[in-house]
Amino acid sequence: MSETPTAASAPPPAPGAEEYVALAFVNSAVALPGGHSMDFLGTPEATNRWLTEHGLAPADAGVREMCAAQLRSLREHLRSLLAARVEGVPALPSALAAVNDALSKAPTAALLYWDEKNGPYRAAPCPTDQILGRALATLAADAADLLTGPDADRLTNCGSAPCNRYLLRHGRRHWCSTRCGDRARAARAYARRTQAQAQADAQAEADAQSQSQARED
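Residues numbered from 1 in each chain as written. Predicted model: local features only at pLDDT ≥ 70, side-chain atom pairs only at ≥ 80, totals over all residues. Heavy atoms only, no water.

> Looking at this model, I keep getting lost on the overall build of the protein chain. Mind explaining?
Helix and strand counts for the protein chain stand at six helices and seven strands. Each helix and strand of the protein chain, ordered N terminal to C terminal, gives the series β-α-β-β-α-α-α-β-β-α-β-β-α. When the 217 residues of the protein chain are sorted by exposure, 35% land in the buried category. Sequence separation of 24 or more characterises 54% of the internal contacts of the protein chain that already satisfy a separation of 6 or more. Split by element, the accessible area of the protein chain, about 12,900 Å² in all, is 54% carbon and sulfur. (Helix = DSSP H or I, 4+ residues; strand = E, 2+ residues; numbered from the N terminus. Buried < 20%, exposed > 50% of the residue type's maximum accessible area, 1.4 Å probe, protein only. Contact = heavy atoms within 4.5 Å. Areas by Shrake-Rupley, 256 points an atom, 1.4 Å probe, with all protein chains shown as cover.)

This is the structure:
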(Lines give C-alpha, C1' and ligand atoms only; values in the text may rest on other atoms or scores of the structure.)
Protein backbone atom coordinates (compact mmCIF):
# COMPACT_ATOMS: atom_id res chain seq x y z
CA MET A 1 0.00 0.00 0.00
CA SER A 2 1.47 3.33 -1.07
CA GLU A 3 1.25 6.33 1.24
CA THR A 4 1.23 9.98 0.25
CA PRO A 5 4.57 11.35 1.47
CA THR A 6 4.50 14.32 3.80
CA ALA A 7 7.18 16.19 5.70
CA ALA A 8 5.91 14.69 8.96
CA SER A 9 5.84 11.10 7.71
CA ALA A 10 9.16 11.21 5.85
CA PRO A 11 12.07 9.46 7.57
CA PRO A 12 15.13 11.60 8.28
CA PRO A 13 17.85 11.61 5.61
CA ALA A 14 20.04 8.53 5.72
CA PRO A 15 23.69 9.09 6.64
CA GLY A 16 25.43 10.40 3.54
CA ALA A 17 22.28 11.63 1.80
CA GLU A 18 23.08 15.24 2.63
CA GLU A 19 26.52 14.83 1.07
CA TYR A 20 25.38 12.96 -2.04
CA VAL A 21 22.14 13.99 -3.69
CA ALA A 22 22.23 10.69 -5.60
CA LEU A 23 21.90 8.84 -2.29
CA ALA A 24 18.86 10.93 -1.39
CA PHE A 25 17.54 10.20 -4.88
CA VAL A 26 17.76 6.41 -4.64
CA ASN A 27 16.18 6.64 -1.18
CA SER A 28 13.19 8.60 -2.50
CA ALA A 29 11.20 5.34 -2.64
CA VAL A 30 10.93 3.93 0.88
CA ALA A 31 9.66 0.52 1.96
CA LEU A 32 7.85 0.67 5.31
CA PRO A 33 6.68 -2.01 7.77
CA GLY A 34 3.32 -3.64 7.16
CA GLY A 35 3.64 -3.69 3.39
CA HIS A 36 3.45 0.10 3.11
CA SER A 37 5.63 2.28 0.91
CA MET A 38 6.33 5.93 0.24
CA ASP A 39 7.42 7.38 -3.12
CA PHE A 40 8.57 10.98 -3.33
CA LEU A 41 8.55 10.73 -7.12
CA GLY A 42 5.17 9.05 -7.27
CA THR A 43 3.39 11.93 -9.03
CA PRO A 44 4.55 14.82 -11.23
CA GLU A 45 3.74 17.28 -8.44
CA ALA A 46 5.69 15.29 -5.86
CA THR A 47 8.59 14.94 -8.30
CA ASN A 48 8.68 18.67 -8.95
CA ARG A 49 8.66 19.30 -5.21
CA TRP A 50 11.51 16.83 -4.60
CA LEU A 51 13.62 18.35 -7.39
CA THR A 52 13.01 21.86 -6.06
CA GLU A 53 13.93 20.87 -2.50
CA HIS A 54 17.22 19.47 -3.78
CA GLY A 55 18.07 22.41 -6.00
CA LEU A 56 17.52 20.55 -9.26
CA ALA A 57 14.53 22.44 -10.66
CA PRO A 58 12.57 25.64 -10.02
CA ALA A 59 9.26 25.39 -8.21
CA ASP A 60 7.40 26.32 -11.41
CA ALA A 61 9.18 23.77 -13.62
CA GLY A 62 5.88 22.10 -14.42
CA VAL A 63 7.16 18.52 -14.31
CA ARG A 64 4.92 16.13 -16.22
CA GLU A 65 4.41 12.39 -15.84
CA MET A 66 6.81 11.61 -18.70
CA CYS A 67 9.58 13.45 -16.84
CA ALA A 68 8.71 11.82 -13.53
CA ALA A 69 8.79 8.40 -15.21
CA GLN A 70 12.28 9.07 -16.59
CA LEU A 71 13.51 10.01 -13.14
CA ARG A 72 11.96 6.91 -11.58
CA SER A 73 13.64 4.78 -14.26
CA LEU A 74 17.05 6.32 -13.54
CA ARG A 75 16.44 5.77 -9.84
CA GLU A 76 15.97 2.04 -10.36
CA HIS A 77 19.12 1.83 -12.47
CA LEU A 78 21.10 3.66 -9.79
CA ARG A 79 19.70 1.38 -7.10
CA SER A 80 20.88 -1.56 -9.19
CA LEU A 81 24.39 -0.14 -9.38
CA LEU A 82 24.53 0.59 -5.65
CA ALA A 83 23.32 -2.93 -4.90
CA ALA A 84 26.02 -4.36 -7.17
CA ARG A 85 28.68 -2.30 -5.39
CA VAL A 86 27.49 -3.34 -1.93
CA GLU A 87 27.17 -7.01 -2.86
CA GLY A 88 30.39 -7.13 -4.85
CA VAL A 89 28.81 -8.42 -8.05
CA PRO A 90 29.04 -7.19 -11.67
CA ALA A 91 26.79 -4.30 -12.64
CA LEU A 92 23.98 -4.77 -15.12
CA PRO A 93 24.99 -3.40 -18.55
CA SER A 94 21.57 -1.79 -18.91
CA ALA A 95 22.09 0.16 -15.68
CA LEU A 96 25.51 1.38 -16.80
CA ALA A 97 24.08 2.38 -20.17
CA ALA A 98 21.26 4.33 -18.53
CA VAL A 99 23.66 6.25 -16.28
CA ASN A 100 26.03 7.04 -19.13
CA ASP A 101 23.10 8.22 -21.23
CA ALA A 102 22.06 10.54 -18.42
CA LEU A 103 25.63 11.83 -18.10
CA SER A 104 25.64 12.72 -21.77
CA LYS A 105 22.76 15.13 -21.21
CA ALA A 106 25.03 17.54 -19.32
CA PRO A 107 26.33 20.48 -21.38
CA THR A 108 30.03 20.08 -22.13
CA ALA A 109 30.88 23.78 -21.85
CA ALA A 110 29.44 27.07 -20.66
CA LEU A 111 28.24 29.25 -23.53
CA LEU A 112 29.36 32.77 -24.29
CA TYR A 113 26.88 35.61 -23.62
CA TRP A 114 27.13 39.39 -23.88
CA ASP A 115 25.61 41.73 -21.34
CA GLU A 116 24.91 45.28 -22.55
CA LYS A 117 26.35 46.81 -19.38
CA ASN A 118 29.05 44.39 -18.27
CA GLY A 119 30.15 42.89 -21.56
CA PRO A 120 30.95 39.24 -22.29
CA TYR A 121 30.47 36.42 -19.82
CA ARG A 122 30.04 32.66 -19.88
CA ALA A 123 27.21 30.64 -18.34
CA ALA A 124 25.67 27.25 -18.73
CA PRO A 125 22.30 27.46 -20.48
CA CYS A 126 19.23 26.16 -18.73
CA PRO A 127 16.10 26.64 -20.84
CA THR A 128 12.94 25.03 -19.57
CA ASP A 129 13.20 22.07 -21.93
CA GLN A 130 16.65 21.21 -20.49
CA ILE A 131 15.69 21.16 -16.82
CA LEU A 132 15.03 17.41 -16.83
CA GLY A 133 18.23 16.67 -18.72
CA ARG A 134 20.26 18.70 -16.25
CA ALA A 135 18.63 16.97 -13.30
CA LEU A 136 19.30 13.53 -14.79
CA ALA A 137 22.90 14.43 -15.57
CA THR A 138 23.50 15.89 -12.10
CA LEU A 139 22.10 12.83 -10.35
CA ALA A 140 24.02 10.43 -12.59
CA ALA A 141 27.28 12.34 -12.10
CA ASP A 142 26.85 12.42 -8.34
CA ALA A 143 26.18 8.67 -8.28
CA ALA A 144 29.26 8.05 -10.43
CA ASP A 145 31.35 10.15 -8.04
CA LEU A 146 30.03 8.16 -5.08
CA LEU A 147 30.66 4.78 -6.72
CA THR A 148 34.20 5.64 -7.82
CA GLY A 149 35.28 7.79 -4.87
CA PRO A 150 36.71 7.09 -1.42
CA ASP A 151 33.24 6.88 0.17
CA ALA A 152 32.28 3.85 -1.93
CA ASP A 153 33.69 1.47 0.67
CA ARG A 154 31.33 2.97 3.26
CA LEU A 155 28.26 2.36 1.12
CA THR A 156 25.81 -0.17 2.53
CA ASN A 157 22.10 -0.91 2.72
CA CYS A 158 19.99 -0.52 5.82
CA GLY A 159 20.11 -3.64 7.98
CA SER A 160 16.57 -3.27 9.30
CA ALA A 161 13.98 -5.07 7.16
CA PRO A 162 11.90 -4.10 5.29
CA CYS A 163 13.77 -0.79 4.85
CA ASN A 164 15.36 -0.52 1.41
CA ARG A 165 17.41 2.64 1.88
CA TYR A 166 21.15 3.02 1.33
CA LEU A 167 23.56 4.90 3.56
CA LEU A 168 27.21 5.64 4.19
CA ARG A 169 28.33 3.53 7.11
CA HIS A 170 29.81 5.20 10.19
CA GLY A 171 31.69 2.66 12.29
CA ARG A 172 29.58 -0.47 12.67
CA ARG A 173 26.26 1.28 12.12
CA HIS A 174 24.16 -0.38 9.43
CA TRP A 175 20.89 1.47 10.01
CA CYS A 176 19.66 4.47 8.10
CA SER A 177 17.81 6.00 11.07
CA THR A 178 17.17 5.65 14.78
CA ARG A 179 13.73 4.29 13.89
CA CYS A 180 15.26 1.45 11.89
CA GLY A 181 17.88 0.80 14.57
CA ASP A 182 15.23 0.46 17.24
CA ARG A 183 13.23 -1.88 15.02
CA ALA A 184 16.29 -4.05 14.31
CA ARG A 185 17.17 -4.30 18.00
CA ALA A 186 13.59 -5.17 18.88
CA ALA A 187 13.54 -7.87 16.20
CA ARG A 188 16.76 -9.39 17.51
CA ALA A 189 15.48 -9.33 21.09
CA TYR A 190 12.24 -11.03 19.98
CA ALA A 191 14.21 -13.66 18.08
CA ARG A 192 16.35 -14.39 21.14
CA ARG A 193 13.25 -14.72 23.36
CA THR A 194 11.54 -16.96 20.83
CA GLN A 195 14.62 -19.17 20.50
CA ALA A 196 15.03 -19.40 24.26
CA GLN A 197 11.37 -20.31 24.69
CA ALA A 198 11.59 -22.92 21.95
CA GLN A 199 14.64 -24.46 23.60
CA ALA A 200 12.90 -24.45 26.99
CA ASP A 201 9.81 -26.10 25.49
CA ALA A 202 11.95 -28.73 23.77
CA GLN A 203 13.81 -29.47 27.01
CA ALA A 204 10.55 -29.71 28.94
CA GLU A 205 9.16 -32.14 26.38
CA ALA A 206 12.36 -34.21 26.51
CA ASP A 207 12.22 -34.31 30.32
CA ALA A 208 8.57 -35.37 30.23
CA GLN A 209 9.33 -38.16 27.78
CA SER A 210 12.28 -39.27 29.91
CA GLN A 211 10.13 -39.39 33.06
CA SER A 212 7.39 -41.29 31.23
CA GLN A 213 9.93 -43.82 29.98
CA ALA A 214 11.33 -44.21 33.47
CA ARG A 215 7.88 -44.98 34.90
CA GLU A 216 7.26 -47.58 32.21
CA ASP A 217 10.54 -49.27 33.03
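Once you've had a look at it, read on.
> Please clarify how the packing of helix α3 (residues 65–87) against helix α4 (residues 93–103) should be interpreted in this entry.
Working note: a packed helix pair is described by the angle between its axes plus the distance between those axes. Between α3 and α4, whose axes approach to 9 Å, the crossing angle comes to 125°. When the interaxial angle is binned, α3 and α4 end up oblique. Considering the relative orientation of α3 and α4, their crossing is left-handed. Seen from α3, the contacting residues are L74, H77, L78, S80 and L81; seen from α4, they are S94, A95, L96, A98, V99 and A102. Split by residue class, the contact of α3 with α4 holds eight nonpolar, three polar and no charged. (Axes fitted to C-alpha atoms, helices over the stretch in contact; angles between N-to-C directions. Parallel < 35°, antiparallel > 145°, perpendicular 65-115°, else oblique. Left-handed = near helix turned anticlockwise from the far one by under 90°. Nonpolar A, V, L, I, M, F, W, Y, C, P; charged D, E, K, R; others polar.)

> Just to check I follow, could you spell out α3 for this structure?
Because an α-helix completes one turn every 3.6 residues, residues spaced three or four positions apart along the sequence face the same direction. Given a rise of 1.5 Å per residue, 23 residues ought to cover 33 Å, and the 33 Å separating the end C-alpha atoms of α3 matches this to within 8%. Along α3, the positions that sit buried rather than exposed are C67, A68, L71, R72, L74, R75, L78, R79, L81, L82, A83 and A84. Following α3 by one or two positions, G88 adopts a phi angle in the positive range, close to 70°. (Expected span 1.5 Å × (residues − 1).)

> Teacher, can you tell me more about the pattern of salt bridges here?
Two side chains carrying opposite charge are able to pair once their charged atoms lie near each other. Applying the stated criterion to the full structure yields six salt bridges. Among the ionic pairs, R75 bridges to E76, the shortest N-O distance being 3.8 Å. Take R75: its relative accessible area is 3%, and that puts it in the buried class. According to the relative accessible area criterion, E76 is partly exposed, its value standing at 43%. The shortest N-O distance in the salt bridge between R85 and D153 comes to 2.7 Å. Of the two residues, R85 sits in helix α3 while D153 sits in the loop between α5 (131–148) and β6 (155–157), which places them 68 residues apart along the sequence. (Salt bridge = Lys/Arg side-chain N within 4 Å of Asp/Glu carboxyl O.)

> Can you walk me through the pairing of strand β5 (residues 119–123) in this structure?
Regular strands place side chains that alternate from one sheet face to the opposite one. As paired strands, strand β4 (residues 111–115) and β5 are joined by five bridges and run antiparallel to one another. Along β5, the bridge assignment pairs L112 with R122. Hairpin geometry of β4 and β5 is characterised by an intervening segment of three residues between the two adjacent antiparallel strands. (Pairing = 2+ DSSP bridges.)

> Would you explain the packing of aromatic side chains in this entry?
Describing an aromatic ring pair means giving the distance of the ring centres and the angle of the ring planes. Within this structure, the stated rule accounts for two aromatic pairs. Their ring planes at 20° and their centres at 5.6 Å tell us that Y113 and Y121 sit as a pair that is stacked. (Phe/Tyr/Trp six-rings, centres within 6.5 Å; stacked < 30°, edge-to-face > 60°.)

> When you look at the pairing of strand β2 (residues 29–32) in this model, what are you seeing that I'm missing?
In this structure, β2 lies alongside strand β3 (residues 36–39), joined through four bridges in antiparallel fashion. From the neighbouring strand, L32 faces β3, where its bridge partner is H36. The antiparallel pairing of β2 with β3 creates a hairpin that spans three residues between the two strands, and G34 there sits at a positive phi of about 75°.

> What exactly am I supposed to notice about the nonpolar core here?
Soluble globular proteins: nonpolar side chains tend toward being buried together. Counting residues in hydrophobic clusters, the biggest one holds 40 residues, and the most contacted among them are L23 and W50. Counting only elements with at least two residues in this core, the list comes to α1 (21–26), β2, α2 (44–53), α3, α4, α5 and β7 (166–168). Per element, the largest residue contribution to this core is eight residues, and it comes from α5. In terms of nonpolar packing, the next biggest core, distinct from the first, is built from seven residues, A14, C158, L167 and W175 among them. (Core = buried A, V, L, I, M, F, W, Y, C linked by side-chain atoms within 4.5 Å.)

> Before we go on, may I ask you to explain a nonpolar patch on the surface in this structure?
A cluster of nonpolar residues, L111, Y113 and Y121, forms a patch on the protein surface that exposes about 270 Å² of accessible area. Among the secondary structure elements, Y121 is positioned in strand β5. (Patch = residues over 30% accessible without salt bridge, like charges linked within 9 Å, V, L, I, M, F, W, Y side chains within 5 Å.)

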